[in-house]
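Remarks on the overall topology
Here's the letter readout for the chains.
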Amino acid sequence: MKIAVIGSGGWGTAVAMLLAGKGNDIYLWSWIQEETDRLNHDRENKEFLPGVKLLDNIICTHDMEKCIDGAEVIVTAAPSPATRVTAKQMAQFVKAGQKIVNISKGLEGELRLSQVYKEEIPQADISVLSGPSHAEEVGRSIPTTVVIASQRMETAEALQDVFMTDTFRVYTSDDVIGVELGGALKNVIALCAGISDGLGYGDNTKAALITRGCAEITRLGVAMGAKAATFSGLSGLGDLIVTGTSKLSRNYRAGRLLGEGMSLKDTLEKVHMVVEGVNTSTAAYNLGKKYGVETPIIDEAYNLLYNGKSPRDAVNSLMTRKKKSE
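First things first, this report covers the structure right here in the doc. (Residues numbered from 1 in each chain as written. Predicted model: local features only at pLDDT ≥ 70, side-chain atom pairs only at ≥ 80, totals over all residues. Heavy atoms only, no water.)

Even without a glycine there, the phi angle at Ser141 is positive, about 60°. Looking at where Ser141 falls in the secondary structure, it is placed in the loop between helix H6 (135-138) and strand S11 (144-149). The exposure class of Ser141 is partly exposed, given its relative accessible area of 46%. (Helix = DSSP H or I, 4+ residues; strand = E, 2+ residues; numbered from the N terminus. Buried < 20%, exposed > 50% of the residue type's maximum accessible area, 1.4 Å probe, protein only.)

Pasting the structure below:
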């Protein structure tokens, strides 16, 4: 089938390779013509996915209409800050009922990314894919397991067949809210796990952050209409573990630099990719207040990033909170 992949960053390129490996005709869309030209010349995404040669059935293009027209599935891989402008560019070319699978993780303000796409492209059938999935590993066919969530299970099951390979296992879910929130909110906790390591703290500290962070995400997600069980699955705890412990994770790397004393501005420049945990922390903080949910780790991440609180003071505030039961 023809499949459009909108966004040629590392993750978009890795998923394009995955789907091309199944014999599909893949149209990989880039933001700028110069990037398309580089990909067509090098047949490799040297900036974001070096060492992975593009298959011959991947067509790189900057022409959105050419990319989307006739595609049976549209995969969207735009970073969260660019989601709405990307959706606006796509909208005029998407036909009624055309399937969109968003694979990016993040929030736009208090909106989930599928809500943004639905606002701009109401005629589309929108699903989400999430889980512990480093682009660098998917691009090299390292065994990976994810979940696709759709409002209709028949859509999720059809997409399961599109994506599934012997190295990329796909489960289905009807909890779109939970799958999206797990993928977005875990970035804030992963940032904190990196900060902990940057401060020189140990495995005990990081394990506590991941565990209690998962509890915060679950509380907030349930208040927003998600299922609690989703957050103990691939798109919740699974993604939180991989993002909060791996040097391949830009959120972990950014957090580590912050813990070592680097400024936020310098950290973002050094990571050189969108750090979703920084973008999401404000939204997560505001959502906790809106829904009346206690989110102490998210709150301290927000204070550290935007109110000048030092990492060590943030940890001390968490450790000296009023005693309570688990």
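Still more ground to cover, so stick around.
Moving on to a nonpolar patch on the surface. A contiguous nonpolar patch, built from Trp31, Ile32 and Val85 and spanning about 240 Å² of accessible area, is present on the exposed surface. Structurally, Trp31 is set in the loop between strand S2 (25-29) and helix H2 (33-42). (Patch = residues over 30% accessible without salt bridge, like charges linked within 9 Å, V, L, I, M, F, W, Y side chains within 5 Å. Areas by Shrake-Rupley, 256 points an atom, 1.4 Å probe, with all protein chains shown as cover. Salt bridge = Lys/Arg side-chain N within 4 Å of Asp/Glu carboxyl O.)

With that settled, the discussion passes to the side chain of Glu216. By the secondary structure assignment, Glu216 is in helix H9 (residues 203-223). Among buried Asp, Glu, Lys and Arg side chains, Glu216 stands out as unpaired, with Arg219 the closest opposite charge at 4.8 Å. A distance of 3.2 Å separates the side chain of Glu216 from the backbone nitrogen of Ile298, its partner in a polar contact. Every residue in contact with Glu216, bar those within four places of it in the chain, is listed here: Glu294, Thr295, Pro296, Ile297 and Ile298. (Lys, Arg positive; Asp, Glu negative; His and termini not counted. Polar contact = N/O pair within 3.5 Å; in protein donor to acceptor, adjacent residues only side chain to side chain. Contact = heavy atoms within 4.5 Å.)

This part covers the nonpolar core. Among soluble globular proteins, nonpolar side chains are generally buried collectively. Within the largest apolar cluster, 34 residues are counted, with the highest numbers of intra-cluster contacts made by Ile58, Val75, Leu129 and Phe163. Per-element accounting of this core gives the leading share, eight residues, to helix H1 (residues 10-20). Setting aside its immediate chain neighbours within four residues, Ile58 contacts Ala16, Met17, Ala20, Ile26, Leu28 and Arg43. (Core = buried A, V, L, I, M, F, W, Y, C linked by side-chain atoms within 4.5 Å.)

Within strand S10 (residues 125-130), six of the six residues are buried, which leaves it mostly tucked inside the rest of the structure. Summarising the sheet, strand S7 (residues 99-102) and S10 pair through four bridges and their orientation is parallel. When the bridges of S10 are listed, Lys99 appears paired with Asp125. Both S10 and S11 contribute to a ladder of three bridges, which runs antiparallel. Within S11, the residue paired with Val128 across the bridge is Ala149. (Pairing = 2+ DSSP bridges.)

Relative orientation of the contacting elements helix H14 (residues 296-306) and helix H15 (residues 311-319) amounts to 160°, with a least axis distance of 10 Å. Comparing their axes, H15 and H14 come out roughly antiparallel. Where H14 crosses over H15, the handedness of that crossing is right-handed. Within the contact between the two elements, H14 uses Pro296, Ile297, Glu300 and Leu304 and H15 uses Pro311, Ala314, Ser317 and Leu318. (Axes fitted to C-alpha atoms, helices over the stretch in contact; angles between N-to-C directions. Parallel < 35°, antiparallel > 145°, perpendicular 65-115°, else oblique. Left-handed = near helix turned anticlockwise from the far one by under 90°.)

Take the sheet that holds S2 next. In space, the eight strands of this open sheet follow the order S5-S2-S1-S6-S7-S10-S11-S12, with mixed pairing throughout. Sheet topology places strand S5 (58-61) and strand S12 (168-173) at the edges, where each strand pairs with a single neighbour. Direction aside, neighbouring strands of the sheet carry axes that sit 25° apart on average. With four bridges joining them, S2 and S5 adopt parallel strand pairing. By the bridge assignment for S5, Tyr27 is matched with Ile59. Taken strand by strand, helix H5 (residues 113-120) contacts strand S6 (73-76), S7 and S10, and its axis lies near 160° from that of S10. Helix H8 (residues 176-198) contacts S10, S11 and S12 of the sheet and is inclined by roughly 45° relative to S10.

For the rest of this paragraph, the subject is the packing of aromatic side chains. How two aromatic rings sit relative to each other is set out by the distance from centre to centre and by the angle between their planes. This structure, assessed with the given rule, holds three aromatic pairs. With a centroid separation of 5.5 Å and an interplanar angle of 50°, the aromatic rings of Tyr302 and Tyr306 are classed as tilted. Taken together, the positions of Tyr302 and Tyr306, both in helix H14 and four residues apart, correspond to about one turn of that helix. Pairwise contacts between aromatic rings join Tyr285, Tyr302 and Tyr306 into one cluster. It is Lys2 that lies over the ring of Tyr27; its NZ or CZ is 4.3 Å from the centre. Above the face of the Tyr285 ring, Lys289 is positioned so that its terminal group lies 4.2 Å from the ring centre. (Phe/Tyr/Trp six-rings, centres within 6.5 Å; stacked < 30°, edge-to-face > 60°. Lys NZ or Arg CZ within 6 Å of the ring centre and 35° of its normal.)

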